[in-house]
Each structure stands twice: as structure tokens, then as C-alpha cells.
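A closer look at the structure
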Amino acid sequence: MKRRDVMTSAVLGTALIPSFAFAQPAKAGRRGPPLLTVTGAIGRTNRGPLNPALDQLMLKHKVTFDKAYTFDFATIAALPGVSIKPTLEYDEKPHALTGPLLTDVVKVAVPNLSDSTKLLLRAIDGYALVVPVADARKYRFIVAHGLDGKPMPLGGLGPLWAVYDADRFPDMAAKPVKERFASCPWGLYQIDVQPG
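Presented here is an overview of the structure given in this document. No experiment lies behind these values; they were computed from the predicted model shown.

Cut-offs applied
- Residues numbered from 1 in each chain as written.
- Predicted model: local features only at pLDDT ≥ 70, side-chain atom pairs only at ≥ 80, totals over all residues.
- Heavy atoms only, no water.
- Phe/Tyr/Trp six-rings, centres within 6.5 Å; stacked < 30°, edge-to-face > 60°.
- Helix = DSSP H or I, 4+ residues; strand = E, 2+ residues; numbered from the N terminus.
- Buried < 20%, exposed > 50% of the residue type's maximum accessible area, 1.4 Å probe, protein only.
- Core = buried A, V, L, I, M, F, W, Y, C linked by side-chain atoms within 4.5 Å.
- Contact = heavy atoms within 4.5 Å.
- Pairing = 2+ DSSP bridges.

Attention now goes to the packing of aromatic side chains. Inspection of the entire model under this criterion finds seven aromatic pairs. Residues Tyr139 and Tyr164 carry aromatic rings whose centres are separated by 5.4 Å and whose planes lie at 40 degrees to one another, so their mutual orientation is tilted. Of this pair, Tyr139 sits in the loop between helix 6 (133-138) and strand 7 (142-144) while Tyr164 sits in the loop between strand 10 (161-163) and helix 7 (170-173); the two residues are 25 residues apart in sequence, bridging distant segments of the chain. Taking relative accessible area as the criterion, Tyr139 reaches 8% and is therefore assigned buried. Given the relative accessible area of 2%, Tyr164 is considered buried. Put simply, the rings of Tyr90, Tyr139, Phe141, Trp161, Tyr164, Phe169 and Phe181 touch in pairs and so form one group of aromatic residues.

Here it is as C-alpha cells:
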């Protein structure tokens, strides 16, 4: 086998890892690639500091941390799930979204999560905003990983989306559908926990 063929096989095999991770449950002791990194005022950790050579997206977004808690797809999917069916701004149709509550995800790294805590949610396109934990609880934000029964792909709205069912809350449902999701970053990859 030529070196180029070996390299092509290796690259293609690596490219298939995320889709394989969605199709198969994680084997005990084996983790998939991290999809979400929680940093800041956390109590539990499973990774060390930002690596300026290898954490290029975070470096470009000026993210810094000395400790973090990371989640792969299987870990997020294993948390108790919630289903919502909001009318989405992109096609103005209801869609089924599934995933754990945002606060349940953060509580893995921050066991004593307070309503006064703030969560800086950061998306892969650089969009970032702060959501108070009190609002995350009030609106029942989820970390959606499924859309209409399928995993959400990178390049679409996923693989993770911090979102809520705007149709269920009169203050949000009263807004035009295009204005309901400003606090819902799709392509969520990092949460910075800030004490209140």
C-alpha cells in the first residue's frame, strides 16, 4: 500500500469518528472526542489547562482556563433527557429537540449551582452570550443533541444547541419567531461558569 493511500485511509477513518460516535454507544472506559468544555468556577474537572498549540478554536475566541470538565456525545446523551417542540426561526415550523437540561449538564461540573451564577455560552462561530442560571431554569434550556429524532450535525445547528421552547412562554411567544432565539447559541462548544 502506498504511503498516500495509508494517509488517505487514516484521514477518512478519523473523519468518520463523529458519525460513528452517534451510531454506537460508548464502550465502558472509552470516550469519544470532547464536544463541550465547561470552564470557570467549577468544582469537578477531567482535563487540564488550555493547550495553546492544540486548542486553536478556543484560542481564537480568547478562551482561557486552567481546568475544565469536558463532555463527549455519549456522556451528554446519557444524562436524563427532555423533549421540546418549539417553532424554529429558520423555517417557522415546529421541530422536536431532545437533550438534557442545561443546568443538569453544568451541575456535573458544579454540584452546588446557584441561581445567581451566570453561564457564558460560546458557539463555534464565535457567538457568545451570558445566560443567568435563574433564566436557564425558568425557560428550561436544554443542551439539544437531537433534532427530529436524529443527531444534529456540525455545519447545521449542532452537534449541540442551547435552546428552549419559546412557544411555551408567553413573554417569548409574543415576539416574532425570528427574535425568540437570540439567547440560544447553536454549535455550542464551551460554557464558562461565572459566580454571581
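All right, on to the nonpolar core then. One finds Leu36, Leu97, Leu102, Phe141, Trp161, Val163 and Ile191 to be the most contacted residues of the largest nonpolar core, which totals 46 residues. With five residues, the single largest contributor to this core is helix 5 (residues 102-109). The residues touching Leu102, leaving out its near neighbours within four places in the chain, are Leu119, Leu121, Ala136, Phe141, Ile142, Val143 and Ile191. Membership of the second largest hydrophobic core comes to six residues, among which are Leu50, Met58, Ala68 and Tyr189.

This part takes up unusual backbone geometry. Residue Pro159 follows Gly158 across a cis peptide bond; omega there is 10 degrees. On the secondary structure map, Pro159 appears in the loop between strand 9 (150-151) and strand 10. Of note in this structure, Lys62 is not a glycine but carries a positive phi near 60 degrees. By the secondary structure assignment, Lys62 is in the loop between helix 3 (56-60) and strand 2 (69-71). The backbone of Arg140 sits at a positive phi, close to 55 degrees, despite the residue not being glycine. Residue classification places Arg140 among the partly exposed residues on the basis of a relative accessible area of 36%.

Right, let's talk about the sheet that holds strand 4 (residues 97-99) for a bit. To summarise the sheet geometry, strands pair through backbone hydrogen bonds and adopt either a parallel or an antiparallel arrangement. With antiparallel pairing, four strands are arranged side by side in an open sheet as 3-4-8-9. The two strands at the open ends of the sheet, each matched to only one other strand, are strand 3 (82-84) and strand 9. Bridge count for strand 3 against strand 4 is three bridges, and the pairing is antiparallel. The residue bridging Val82 from the neighbouring strand is Gly99, located in strand 4.

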